[in-house]
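# Examining the three-dimensional arrangement
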Amino acid sequence: MFRIHNTMTRRKEEFQPLHEGLVTLYSCGPTVYDFPHIGNLRTFLWSDLLVRALRRRGFEVHNVMNVTDVDDKTIAGAEREGMSLGEYTAKYADYFFEDLETLRIQPAWKYPRATEHIGQMLDVIRTLVDKGHAYEQDGSVYFDISSYPNYGRLSGVVPDEHTSREFGRLDSDEYELEDARDFALWKAAGPGEPSWDSPWGPGRPGWHIECTAMAIEYLGETIDMHLGGVDLVFPHHENEIAQSEAATGTQFVRFWIHPEHLIVEGEKMSKSKGNFYTLRDLLERGYDPVAVRHLLMTAHYRKQLNFTLDGLEQSRQALARLWDFADRVAEVPEDAEGVDLSAQVHAALTKFDAGLDDDLNIPGAMAAVFELVRGVNPLLSEARVGAEGRQVLDFLADADTVLGIIDHEKGSVDAEVDALMAEREAARGDKDWARADEIRDELLAQGIVIEDTPTGPRWRRGEWGVSEPHVVRSDACSHASAVVVAGVQATHGQECPCH
RNA sequence: GGCGGCAUGGCCAAGAGGCUAAGGCGGCGGUCUGCAAAACCGCUAUUCACCGGUUCGAGUCCGGUUGCCGCCUCCA
């Protein structure tokens, strides 16, 4: 039984989809005007984890994430970089998709672009005007909040004239509105701005209407889940509800899910504070993207995550433990005799599922994985794990369909390393410790750690997460050429001018 | 100013009133090892920001105080 917190009711509720076996999920996606920062990515990651958890529960999931490619920022950005709006947004959309892939975020079912759904938006706006929920003024169309009595139910925020005036919305708005709270569904084109034809003259859609139109287009008038960062609760999601339900006359969203923001070193992330990170920034510092993924999911989604470089280091160590464990289990010979592990694996699986089902408690689920690691590790050391180790590997693979952090490449060593290891074994046989240690040091310098176990020596990477050279795709950023070799921090430490 | 959220060991972080307060990282001691490494064991929170209250019983519920964060304005 899957339970999830619903912002509308402010409590955890048992989830069942409207249509048996199929979950419809709409997640607010990026506005493609800049590189995604780690805060953006955390929200997208939680959307990914939700989808993965639902799929593991046996549901088919139709998840849609919009790409906002027309608004004030994209228009201004295209102007600044001397590109067309289409070229400009395509460039940043590519960066967005690259980052998702780097973080092992599975592709959504659909990624609709706002500019490709202008017709559907105009349909909704026309319906709202016809039904008396919206009005035209000077070529723009506004939603009449007073026509929708339930406004404010999601956020608890009901702006009144006093609030609006205090924050200058009246002054800053060049239009004369009947009600200061009303928001734009359609904006009349300004000079030189990209525009589309409409019954009210050339213009472009307001931000809120895009989600309504595209959600209805792909998922229907009532969707099971809608996810977005907490900052979107008001006014974005509040406005979505108002315009959607006013247009369709039926419930728009059954479950509202809002991941909290992350903060950096205890403070809100902002460019002016110098604590603003993109994924690329972290990769250039030599961190493994999987460590970033791990760190972003260490705190429950409804709690703020304090993102620190020290935390990234902790994640790196935790992954090293996990990966080395998985390798050691995988290295057990097929025909080895061993003890029964089914009870331990079953306990881990039970606790793992309980975590996922309880409002997506990934930290709790992850604890189940580590408890199994601690339970099986001593058996490995004593060579008491046999063919039953397969159960452990199956569990890890199963858990990883949600977590997405366990799968990794161990890589291989070349013949020269093999030869050195053999030579070292021979030296040890002769009790030539000096030569044996010399070889071990030599391999260590190459980033390869040798461990002597009861069943013979084994090798592993010395610095999981920083030893692999990681080159950001050259077309993504011509300055990003950071290469980290064998656990040695990159010397390329300059800020990229393009960031 | 209005509204909302959070405060758990050195760090990160679970914990829908009641077994000895998960898990990860780090530190110290030990076992194992030719020495290491890894792994494991023990120690590192008689206590959950502070003050009251409800209850047989509260980290978990209520009120207050302090601190931090967020929304109210573009924002994941």
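Here, the structure is the one placed above.
Cut-offs applied
Residues numbered from 1 in each chain as written. Chains lettered and ligands numbered in written order. Predicted model: local features only at pLDDT ≥ 70, side-chain atom pairs only at ≥ 80, totals over all residues. Heavy atoms only, no water. Pairing = 2+ DSSP bridges. Helix = DSSP H or I, 4+ residues; strand = E, 2+ residues; numbered from the N terminus. Axes fitted to C-alpha atoms, helices over the stretch in contact; angles between N-to-C directions. Buried < 20%, exposed > 50% of the residue type's maximum accessible area, 1.4 Å probe, protein only. Patch = residues over 30% accessible without salt bridge, like charges linked within 9 Å, V, L, I, M, F, W, Y side chains within 5 Å. Areas by Shrake-Rupley, 256 points an atom, 1.4 Å probe, with all protein chains shown as cover. Salt bridge = Lys/Arg side-chain N within 4 Å of Asp/Glu carboxyl O. Lys, Arg positive; Asp, Glu negative; His and termini not counted. Charge placed at Lys NZ, Arg CZ, Asp CG, Glu CD. Core = buried A, V, L, I, M, F, W, Y, C linked by side-chain atoms within 4.5 Å. Domains from an automatic or database assignment. Contact = heavy atoms within 4.5 Å. Parallel < 35°, antiparallel > 145°, perpendicular 65-115°, else oblique. Left-handed = near helix turned anticlockwise from the far one by under 90°.

On to the sheet that holds strand β10 (residues 253-257). A sheet is described by the order of its strands in space; here four strands give the open sequence β4-β3-β9-β10, paired in parallel fashion. Each of the sheet's edge strands pairs with one partner strand only, and the pair in question is β4 (60-65) and β10. Taken pair by pair, the neighbouring strands of this sheet meet at an average axis angle of 25°, ignoring direction. By the bridge criterion, three bridges tie strand β3 (residues 22-27) to strand β9 (residues 223-227) in an arrangement that is parallel.

To continue, consider unusual backbone geometry. Following Phe-234, the chain continues into Pro-235 via a peptide bond in cis, with omega recorded as 0°. Structurally, Pro-235 is set in helix α8 (residues 233-248). Even without being glycine, Asp-138 reaches a positive phi, approximately 50°. Within the secondary structure layout, Asp-138 lies in the loop between β5 (134-137) and β6 (140-143). What makes Asp-138 exposed here is its relative accessible area of 59%. Positive phi, normally seen in glycine, also occurs at Leu-360, with a value near 60°.

Bringing a negative patch on the surface into the picture now. Among the surface-exposed residues, Asp-414, Glu-416, Asp-418, Asp-441 and Glu-442 lie close enough to one another that they form a single negatively charged patch. When you line up the elements, Asp-441 lands in helix α16 (residues 433-445).

Our focus in this paragraph is the sheet that holds strand β7 (residues 183-188). Reading across the sheet, the four strands line up as β5-β6-β7-β8 and stay open at both edges, with antiparallel pairing between neighbours. Strands with a single pairing partner mark the edges of an open sheet, and in this sheet they are β5 and β8 (203-205). Averaged over all pairs of adjacent strands, the angle between strand axes in this sheet comes to 20°, irrespective of strand direction. Of the pairings in the sheet, the one linking β5 to β6 comprises four bridges and is antiparallel in character. Within the sheet, the bridge partner assigned to Ala-134 lies in β6 and is Phe-143.

This part takes up the nonpolar core. Membership of the largest hydrophobic core comes to 81 residues, with the highest contact counts inside it found for Leu-50, Met-225, Phe-307 and Leu-403. For this core, the domains that each give at least three residues are domain 1 (18-262) and domain 2 (308-403). Leave out the neighbours within four places in its chain, and Met-225 touches Phe-2, Ile-4, Phe-15, Val-23, Thr-24, Leu-25, Tyr-26, Leu-50, Leu-54, Val-253, Phe-255 and Ile-257. Counting residues in hydrophobic clusters, the runner-up holds 48 residues, among them Ala-134, Ile-145, Tyr-151 and Leu-219.

This next bit is on the packing of helix α12 (residues 342-357) against helix α13 (residues 362-381). For any two helices packed against each other, the geometry is given by the interaxial angle and the distance between the axes. Following both chains from N to C, one finds α12 and α13 inclined at 170°, their axes separated by 6 Å at the closest point. Regarding the angle of α12 to α13, the classification is roughly antiparallel. Note that α12 runs across α13; the crossing there is left-handed. From α12, Gln-344, Val-345, Ala-348, Lys-351, Phe-352, Gly-355 and Leu-356 reach across to α13, where they touch Ile-362, Gly-364, Ala-365, Ala-367, Ala-368, Val-369, Glu-371, Leu-372, Gly-375, Val-376 and Leu-379.

Our next topic: the environment of Leu-18. Take Leu-18: it is sitting in the loop between β2 (11-14) and β3. A relative accessible area of 44% means that Leu-18 is categorised as partly exposed. A sequence separation of 236 residues divides Leu-18 from Arg-254, and the C-alpha atoms of the two residues are 8.7 Å apart. Those residues in contact with Leu-18, other than ones at most four positions away along the chain, are Thr-222, Asp-224 and Arg-254.

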